Amino acid sequence: HSSHMRMAGFFLAFEGIDGSGKSTAIAGLVKHLHQNGIAALVTEEHTGGPIGRRIERMLHGQEPMIEPREFQRLFVLDRKDHMTNIIEPALEEQMLVITDRFWFSTIAYGMLVGTMAEFITLHETVLGPGFRKSDLTILLDIPAAVAIQRIGRNRSDHTWFEKMEKLERIRANYLQLAQAGLTPVHVIDATAPAEAIVNAIAEILDPALDIRGFVSN
């Protein structure tokens, strides 16, 4: 394989509700890639940039929360920064870029208050109609009740049912997005053991990287 010239970078996005195990799966995948001599740039949304920090303050009640559509718009503006400052330069250097959340997050959450089409249009408006989408999206799918248990939410918490219902709706929105044919998506059962999840992702990713000339030892 070492005779391959690397043709292009590769852009991988991880999606899923809170508690679906994105960070664990990414860490396991990076270890697998490292063992094959492939380095990855791991990044996340929201970012640590000015807009991302504003989102963070709102999420933690340090700044007043704004109307849901406006809030999702902030995520798209932060994503524009992310693309310009981190993702696109790394892809130009033909790197493997792994992001923890990308545009599907905004659409899945946005669909609680609006339509899929509306939030796709928002991205095209802010990022441009031909904006760079991920080459592959891994959707870690998990029932909301399991996810909520993982993030340590307790049934005695009076908002437990409400939180679970909302997460279940976001989960359904993600699955609808996966079926919509927007970009290549693989749905992975996130209730499986961590090792099995990494193996399932590697089976999909390794051949795709090989085709693009990412050299494995």
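Residues numbered from 1 in each chain as written. Predicted model: local features only at pLDDT ≥ 70, side-chain atom pairs only at ≥ 80, totals over all residues. Heavy atoms only, no water.

Student: Got a sec to walk through empty space enclosed by the protein? Specific residues and values, please.
Tutor: Taken as a whole and assessed by the stated rule, the structure comprises one cavity of 30 Å³ or more. Computed from the structure, the largest cavity encloses a volume of approximately 30 Å³. Around the largest cavity, the lining residues are Gly16, Ile17, Leu139, Leu140, Asp141, Ile142, Arg171 and Tyr174. Looking at the lining of the largest cavity, the elements with two or more residues in it are strand 4 (136–141) and helix 7 (160–179). Element by element, the count of residues in the lining of the largest cavity is highest for strand 4, at three residues. Tallied by class, residues from the lining of the largest cavity come to five nonpolar, one polar and two charged. (1 Å grid on protein atoms, 1.4 Å probe; cavity = no way out; pocket = protein on both sides within 12 Å on 5 of 7 lines; lining within 4 Å. Points joined across faces, edges and corners; volume = space filled by probe spheres on them. Helix = DSSP H or I, 4+ residues; strand = E, 2+ residues; numbered from the N terminus. Nonpolar A, V, L, I, M, F, W, Y, C, P; charged D, E, K, R; others polar.)

Student: Which residues make up helix 2 (residues 50–59), and what are the values?
Tutor: For helix 2, the complete set of buried residues consists of Gly52, Ile55 and Met58. Buried positions in helix 2, seen along its axis, are confined to an arc of 120 degrees and lie on one side of it. On its buried side, helix 2 packs onto helix 3 (68–92). Where helix 2 terminates, the next one or two residues include Gly61, which has phi positive at roughly 70 degrees. (Buried < 20%, exposed > 50% of the residue type's maximum accessible area, 1.4 Å probe, protein only. Arc of directions from axis to C-beta. Contact = heavy atoms within 4.5 Å.)

Student: How would you sum up the environment of Ala208? Please name residues and give values.
Tutor: Its place among the elements puts Ala208 in helix 8 (residues 194–211). On a C-alpha basis, the gap between Ala208 and Pro184 in space is 12 Å, while along the polypeptide they are 24 residues apart.

Student: Provide a residue-level description of the packing of aromatic side chains, including the pertinent values.
Tutor: Following the criterion strictly, the structure yields four aromatic pairs and no others. For the pair Phe71 and Phe75, a centre-to-centre distance of 5.1 Å together with 80 degrees between the ring planes defines the contact as edge-to-face. Pair noted here: Phe71 and Phe75 are both in helix 3, with a separation of four residues, about one helical turn. Since its relative accessible area comes to 9%, Phe71 is described here as buried. Phe75 sits in the buried class, given a relative accessible area of 15%. Joined through ring pairs, the aromatic side chains of Trp103, Phe104 and Phe131 make up one cluster. For the cation-ring pair, Arg79 lies above Phe102, with the distance from its terminal atom to the ring centre recorded as 5.7 Å. (Phe/Tyr/Trp six-rings, centres within 6.5 Å; stacked < 30°, edge-to-face > 60°. Lys NZ or Arg CZ within 6 Å of the ring centre and 35° of its normal.)

Student: So, the nonpolar core: which residues are in play, and what are the values?
Tutor: As a rule of thumb, nonpolar side chains are buried together in soluble globular proteins. Counting 56 residues, the largest nonpolar core has Phe10, Leu12 and Phe14 as its most contacted members. Ranked by residue count, the leading element in this core is helix 7, at seven residues. Beyond its immediate sequence surroundings of up to four residues, Leu12 is in contact with Leu29, Val97, Ile98, Thr99, Leu136, Ile138 and Leu205. In this structure, Ile55, Met58, Phe71 and Leu74 belong to the second largest nonpolar core, which totals five residues. (Core = buried A, V, L, I, M, F, W, Y, C linked by side-chain atoms within 4.5 Å.)

Student: So what's going on with the packing of helix 1 (residues 22–35) against helix 8? Which residues, and what values?
Tutor: Running from amino to carboxyl end, helix 1 crosses helix 8 at an angle of 55 degrees, the nearest separation of the two axes being 9 Å. As the angle between them shows, helix 1 and helix 8 are arranged oblique. In terms of crossing hand, the pair formed by helix 1 and helix 8 is right-handed. Listed contacts from helix 8 to Thr24, Ala25, Gly28, Leu29, His32 and Leu33 of helix 1 are Ala194, Ile197, Val198, Ile201, Ala202, Leu205, Asp206 and Leu209. Within the contact of helix 1 with helix 8, the residues separate by chemical class into 10 nonpolar, three polar and one charged. (Axes fitted to C-alpha atoms, helices over the stretch in contact; angles between N-to-C directions. Parallel < 35°, antiparallel > 145°, perpendicular 65-115°, else oblique. Left-handed = near helix turned anticlockwise from the far one by under 90°.)

Student: Any chance you could break down the pattern of salt bridges for me, citing the residues and the numbers?
Tutor: What the rule picks out here adds up to eight salt bridges. Notably, a salt bridge pairs Arg101 with Asp18, separated by 2.8 Å at the nearest N-O pair. Taken together, the positions of Arg101 in the loop between strand 3 (96–100) and helix 4 (103–110) and Asp18 in the loop between strand 1 (10–15) and helix 1 put the pair 83 residues apart, joining distant regions of the chain. By relative accessible area, which is 13% here, Arg101 ends up buried. Here the residues in one salt-bridge network are Arg54, Arg57 and Glu63, joined through shared partners. (Salt bridge = Lys/Arg side-chain N within 4 Å of Asp/Glu carboxyl O.)

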